[in-house]
Amino acid sequence: RGKRAFIAGIADDNGYGWAIAKSLAAAGAEILVGTWVPALNIFETSLRRGKFDESRVLPDGSLMEIAKVYPLDAVYDTPEDVPEDVKANKRYAGSSKWTVKEVAESVKEDFGSIDILVHSLANGPEVSKPLLETSRYGYLAAISASSYSYVSLLQHFAPIMNPGGATISLTYIASERIIPGYGGGMSSAKAALESDTQVLAFEAGRKHGIRVNTISAGPLGSRAAKAIGFIDKMINYSIENAPVQKELSAEEVGNAAAFLASPLASAITGAVLYVDNGLNAMGVGV
Ligand code: NAD
């Protein structure tokens with residue numbers, strides 16, 4: 001039987017989630033997607049109208065199929081957590097069963113089980129503010145959307161994951177080195193995500209027989225990254241200063257994720273894998 005993957009955090013064909021889906025599909029996995037509720041309509045419409053067809057092409061010439069797209073808002077765990085104003089919001093009212101618990105239940109009902117879980121989402125409403133100017137609200141919102149969302153996904157999906165399964169998240173070096181401009185508590189959120197990767201590797205390894213890893217990815221001009229405002233600078237900095245002097249492609253991160261999710265990585269868990277042309281190893285720019 002082929003493997004089945006649920007990838008949370010795809011809303012277009014530019015980000016890491018899409019590239020990971022493609023690499024997993026190329027390796028034969030069945031692809032399920034979780035898309036942020038406010039972005040669902042445009043994503044599904046674009047998909048249906050063939051807007052992504054060029055980027056759906058796999059190495060063998062076939063097109064990546066997405067078996068099902070689920071609406072998801074990973075800052076809410078159960079329907080009881082959803083505030084009234086969000087419930088009443090037009091974009092949310094048009095969809096149903098999009099809290100983490102409900103999505104896991106729907107996937108179980110539709111497909112029974114999964115083998116691979118990917119968390120490729122982050123959000124920090126005050127990301128463009130320095131940490132020193134970040135509000136408590138902004139900081140906690142960054143942690144909620146970018147770190148706890150992973151704990152919640154694993155909590156609800158691990159019980160429907162087959163033993164030998166693997167989960168992967170995406171992190172950024174701003175967790176451990178100073179990256180001015182990555183503010184709003186996003187650096188703190190990535191530090192939490194990396195620490196949680198170790199604890200969750202232990203707990204989910206023992207309880208469910210699954211592996212938990214994170215990829216520390218170099219800069220990519222995704223939609224989320226463009227919202228931060230310094231991505232072009234980061235891409236150029238990396239090309240100038242990394243050991244391997246080239247632009248990082250999303251596909252390279254996708255391929256590393258496919259490796260981590262595969263039996264080739266059966267002894268790797270609790271790890272932060274750098275996929276950044278080696279930039280993390282530099283002490284100074286040259
Ligand atoms: P992206 O815009 O493709 O992906 C982010 C996704 O998160 C979007 O699809 C968005 O709709 C979704 N999202 C936001 N809030 C959500 C919520 N509450 N519930 C569900 N989905 C939600 O951008 P990306 O850069 O590919 O980001 C994917 C991951 O890669 C993130 O964790 C990001 O921090 C990480 N990363 C990105 C870079 C980079 O330079 N782009 C570098 C290192 C790590």
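The text that follows walks through the structure, step by step, so that each part is easy to find. (Residues numbered from 1 in each chain as written. Predicted model: local features only at pLDDT ≥ 70, side-chain atom pairs only at ≥ 80, totals over all residues. Heavy atoms only, no water.)

Remarks on the site of the ligand
Point 1. As a structural note, the neighbourhood of the ligand is formed by 28 residues, with Tyr16, Ala74, Lys190, Leu220 and Ser222 the closest of them.
Point 2. The contact in question runs from an oxygen atom of the ligand to an N or O atom on the backbone of Leu121, over 3.4 Å.
Point 3. In the environment of the ligand, an oxygen atom lies 2.8 Å from a nitrogen or oxygen atom belonging to the backbone of Leu220.
Point 4. Surface burial for the ligand is 93%, taken as the share of its 810 Å² of free accessible area covered by protein chains.
Point 5. Counting residues per element, the shell around the ligand draws most heavily on helix H8 (residues 223–228), which supplies three residues. (Near = heavy atom within 4 Å. Polar contact = N/O pair within 3.5 Å; in protein donor to acceptor, adjacent residues only side chain to side chain. Areas by Shrake-Rupley, 256 points an atom, 1.4 Å probe, with all protein chains shown as cover. Helix = DSSP H or I, 4+ residues; strand = E, 2+ residues; numbered from the N terminus.)

Points about the nonpolar core
Point 1. The biggest cluster of nonpolar side chains holds 39 residues, and the ones touching the most others in it are Leu24, Ile31, Phe43 and Ile215.
Point 2. Setting aside residues up to four positions removed in sequence, Phe43 forms contacts with Ile10, Ala11, Asp12, Trp18, Val33, Thr35, Phe52, Ile66 and Val69.
Point 3. Core analysis: the next-biggest nonpolar cluster, separate from the first, contains 27 residues, Phe6, Leu72, Phe157 and Val212 among them. (Core = buried A, V, L, I, M, F, W, Y, C linked by side-chain atoms within 4.5 Å. Buried < 20%, exposed > 50% of the residue type's maximum accessible area, 1.4 Å probe, protein only. Contact = heavy atoms within 4.5 Å.)

Remarks on unusual backbone geometry
Point 1. Positive phi outside glycine occurs at Lys97, with the angle close to 55°.
Point 2. Examined against the element boundaries, Lys97 turns out to sit in the loop between helix H4 (90–93) and helix H5 (100–111).
Point 3. Of note in the backbone geometry, Asn277 takes a positive phi value of approximately 60° without being a glycine.
Point 4. By the secondary structure assignment, Asn277 is in the segment after strand E7 (272–275).
Point 5. We classify Asn277 as buried; its relative accessible area is 12%.

Here's the deal with helix H7 (residues 186–208)
Point 1. The largest bend along H7 measures about 25° and falls at Leu200.
Point 2. Regarding H7, the residues found buried are Met186, Ser187, Ser188, Ala189, Lys190, Leu193, Glu194, Thr197, Leu200, Ala201 and Ala204.
Point 3. Each element contacted by the buried residues of H7 is listed here: helix H6 (136–157), strand E5 (161–171), strand E6 (211–217) and E7.
Point 4. Positive phi appears at Gly209, one or two residues downstream of H7, with a value of about 65°. (Bend = angle between axes of the 7 residues up to and from the residue.)

A look at helix H10 (residues 250–261)
Point 1. Between its first and last C-alpha, H10 extends 17 Å over 12 residues, near the 16 Å set by a 1.5 Å rise per residue.
Point 2. Turning to H10, its buried residues number three or more, namely Ala250, Val253, Gly254, Ala256, Ala257, Ala258, Leu260 and Ala261.
Point 3. In this structure, the buried side of H10 is in contact with helix H1 (16–26), strand E4 (114–119), E5, E6 and E7. (Expected span 1.5 Å × (residues − 1).)

Overview of the sheet that holds strand E1 (residues 4–8)
Point 1. Taken together, seven strands build an open sheet; the order of strands is E3-E2-E1-E4-E5-E6-E7 and the sheet is parallel. With partners counted over all chains shown, the strands left at the sheet margins are strand E3 (66–72) and E7, one partner each. Going from strand to strand, the sheet's axes swing by 20° on average, the running direction of each strand aside.
Point 2. Pairing of E1 with strand E2 (residues 30–36) involves five bridges; the strand directions are parallel. Bridge assignment links Ile7 to a residue of E2, and that residue is Val33.
Point 3. Each of E1, E4, E5 and E6 is contacted by H6, which is oriented at about 170° to E4, the strand it contacts most. (Pairing = 2+ DSSP bridges. Axes fitted to C-alpha atoms, helices over the stretch in contact; angles between N-to-C directions.)

Quick notes on the pattern of salt bridges
Point 1. By the definition in use, this model includes eight salt bridges.
Point 2. With a closest N to O distance of 2.8 Å, Arg56 and Asp53 form a salt bridge.
Point 3. A salt bridge links Glu252 to Lys246, with the shortest nitrogen-to-oxygen separation between them at 2.6 Å.
Point 4. Look at Lys246 and you get partly exposed, because its relative accessible area is 31%.
Point 5. In the salt-bridge network here, residues are joined through shared partners; they are Asp53, Arg56 and Glu65. (Salt bridge = Lys/Arg side-chain N within 4 Å of Asp/Glu carboxyl O.)

By themselves, these are just geometric observations and shouldn't be taken as functional.
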